[in-house]
Amino acid sequence: MAEEPKSAAPERGERTVQIHVPVLARVEGEGALHLRIRGGQIEELSLQIYEPPRLFEKFLEGRSYEEVPDMVARICGICPVAYQISAVNALEDAFGVEPGPWVQAMRRVLYCGEWIQSHCLHIHLLAAPDFLGYESVIAMARDHPQVVRRGLALQALGNDLMRLLGARSVHPIGVKVGGFHHAPHPAEAQAMAERLHAALADTQALVRWCASLAVPEDWQDFVSVAMGDAQQYPIERGRIIAGDGLAIDPAQYEQHFTEEQVAHSTALYSRYRGRAYLVGPLARLNLNRDRLAAPVQQLLAQTALAWPSRNMFHSIVARAIEVHFAVAEAARLLQDYTLPSAPAVAVTPRAGVGYGCSEAPRGLLWHRYRVDGDGRIVEARIVPPTSQNQARIEEDLRLSLQAFGLDHDDEQLRLHCEKVIRNYDPCISCATHFLRLGVQRE
Amino acid sequence: MSAMGKLRIIGVGSAAGDDQAGWLVVQALRRTPLAQRCGRGTRMLALDRPGVQLISQLEGADAVILIDAIRSGAAPGTIHRIDDLARIEADLLVSCHGLGLAATLELARALDVMPATLLLYGIEIDPATTGAAPSKMVTEAADLLAHRIVEELPLHAASESAPAGVP
């Protein structure tokens, strides 16, 4: 449970501010932000993650490769497809399997569904109420019913798209190493393509609406890291690139990125060349906007924002652009849908190590598996996007709070911290007003 | 629940253990004469993300019967009947994340899509139930609740079809 706020009168401009995240139901992960301000300067700032280690990597040991996609889907209820696709990429790498163009295209379609539903949930239920000054989406819906209805309809479209290939939208079960368990009937694919085409006007309007929101001018220097592909906007496969010119294969990830334990969190902190870095929609767009189709690039240009953006508050626009892109991309891929002779290629396991990654809605998700000759998992390593962003969130909070002004009252500081953290869409931001402020003045 | 017009019977849940209580009731209802006996006007659905899909299903309905898993401390398998939604406390209801059921109904109210009548049935679950199979208590409670719902419905209530839900 959250600690009760504590307050005392300030003395000689010195005060200690403590912000706590209470334990919340229906929120994946539990965390707290501890902030100490003394003499007008941030003396201490740490994002504390209380989520107990869930030990998925250990759960996987000894399991057959065939069980892995369904097991890792349970890591996250919002982005199960990301875990499935990164896993099958890594296992197919280990087995030397190439699933072919139909499977790759349909994985991209499935993933588009996840981006659409996850981004729309974030934009409408979490971020927009912040920017418009509402307590929650419920309060916002009374004044902006059409915006909320549009968001819910798009989110439902994303869920239905996931269901088309995954059989269900929560913890889908369609993905397997080598392809899919089932191929949708062409009539289903065609009907979905038509729904997607029909939604494009709404997604364009969503981009314009998000770009019209007033956000803080908060420019920061950070390194963007995302996947990159010579041909297309990265989703389900590709190399790993960074804003400083890095371009590596997934197998080289551990040579450039490290994870370390910190005393105040059970999550691991990732660093790139010793620095915090950004993954997620803004990083993807910063590095890959020239891979968007011309109409999407035109829409991006109409936002009148400068890209690449160094303002994390533009993340909501990046998400909206990706919603529009994903709807258009899935419509394009389903337009040419044909029933394959088989929805998966044959897989013969072999001993070895495989690496795979994909772009989860929240950013780069990297997997590595060591398997034995029977295809059983000997060792697994999973690096999720939220832990990659944690060091960056702390860095951002320091800079953003300093720019915002530490003289704001405690409630304003708390709200600003929430907005900053929410830009990264970490699981702990799933609740509105998740920060409780305690002030200790001596 | 006398005059019904367009009726939706909606089971909310997930594939995890007892959390599929709402789905089980809908599955059981599809095995009852209700599915054939009713004409137009009634739909039965199993939903997995209450926040989004539930609101679109509430819209246009005159009456809705919702079935979800509940944890209140009662014995697993206990059936709760709640027709006064003011009694719902957010933390009483188990749901997948995004919006919980209580918040979803609040949002539906804000969007003015709440039906004239909404009845909530909850089946008390054992949160320790893991894996695919629900507990015996919840399975039996789901069958019992399905029959209770059939008995409560006027026989002239009707079914448009049984469109696909999740299970």
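Definitions and limits used
- Residues numbered from 1 in each chain as written.
- Chains lettered and ligands numbered in written order.
- Predicted model: local features only at pLDDT ≥ 70, side-chain atom pairs only at ≥ 80, totals over all residues.
- Core = buried A, V, L, I, M, F, W, Y, C linked by C-beta atoms within 7 Å.
- Buried ≥ 20, exposed ≤ 12 C-beta atoms within 10 Å, placed from the backbone.
- Helix = DSSP H or I, 4+ residues; strand = E, 2+ residues; numbered from the N terminus.
- Contact = placed C-beta atoms within 7 Å.
- Domains from an automatic or database assignment.
- Nonpolar A, V, L, I, M, F, W, Y, C, P; charged D, E, K, R; others polar.
- Axes fitted to C-alpha atoms, helices over the stretch in contact; angles between N-to-C directions.
- Parallel < 35°, antiparallel > 145°, perpendicular 65-115°, else oblique.
- Left-handed = near helix turned anticlockwise from the far one by under 90°.
- pLDDT = per-residue confidence, 0-100.
- Pairing = 2+ DSSP bridges.

## Re the nonpolar core
- By size, the foremost hydrophobic cluster in this structure holds 154 residues, and its most contacted members are Ile116(A), Val225(A), Val25(B) and Ala142(B).
- Top element by residues in this core is helix α4 (residues 101–132) of chain A. It accounts for 16 residues.
- Beyond its immediate chain neighbours, meaning those up to four positions away, Ile116(A) contacts Leu154(A), Leu157(A), Gly158(A), Leu161(A), Val323(A), Ala326(A) and Val327(A).
- Counting residues in hydrophobic clusters, the runner-up holds 13 residues, among them Ile37(A), Leu47(A), Leu397(A) and Ile421(A).

## With respect to the domain arrangement of chain A
All names here are of chain A.
- We note that the domain assignment places domain 1 (16–52 + 394–440) and domain 2 (56–387) within chain A.
- Spacing between the C-alpha centres of domain 1 and domain 2 amounts to 26 Å.
- Within the residue set of the side of domain 1 that touches domain 2, elements represented by two or more residues are β3 (41–49), α12 (385–404) and α13 (410–422).
- The biggest single contributor to the side of domain 1 that touches domain 2 is α12, with five residues.
- Tallied by class, residues from the side of domain 1 that touches domain 2 come to nine nonpolar, six polar and eight charged.

## Quick look at the packing of α4(A) against helix α6 (residues 145–166) of chain A
All names here are of chain A.
- At a minimum axis separation of 8 Å, α4 and α6 run at an interaxial angle of 155°. Regarding the angle of α4 to α6, the classification is roughly antiparallel. Once α4 is placed against α6, the crossing between them reads as left-handed. In this structure, α4 uses Met106, Val109, Leu110, Cys112, Gly113, Glu114, Ile116, Gln117, Cys120, Leu121, Ile123 and His124 to contact α6, whose residues at the interface are Val148, Gly151, Leu154, Gln155, Leu157, Gly158, Asn159, Leu161, Met162, Leu165 and Gly166.
- Taken together, the residues of the contact of α4 with α6 break down into 14 nonpolar, eight polar and one charged.

## Re the confidence of the model for chain A
Residue and element names in this part refer to chain A.
- Per-chain confidence: chain A averages 87 in pLDDT, with 88% of residues scoring 70 or above.
- Predicted confidence is poor over residues 1–13, with pLDDT under 50, and the contacts of this stretch with residues over four places away or in other chains come to 26 contacts.
- Contacts of residues 19–29 to residues separated by more than four positions or lying in other chains number 45 contacts, the stretch itself having pLDDT below 50.

## Quick notes on the pairing of strand β1 (residues 7–12) of chain B
All names here are of chain B.
- Most of β1 sits out of view: six of its six residues are buried.
- Burial of β1 is two-sided: the residues Leu7, Ile9 and Gly11 facing one way and the residues Arg8, Ile10 and Val12 facing the other way are all buried.
- Direction of pairing for β1 relative to strand β2 (residues 42–47): parallel, over a ladder of six bridges. Within β2, the residue paired with isoleucine 9 across the bridge is methionine 44.
- Where β1 and strand β3 (residues 63–70) come together, five bridges link them in parallel fashion.

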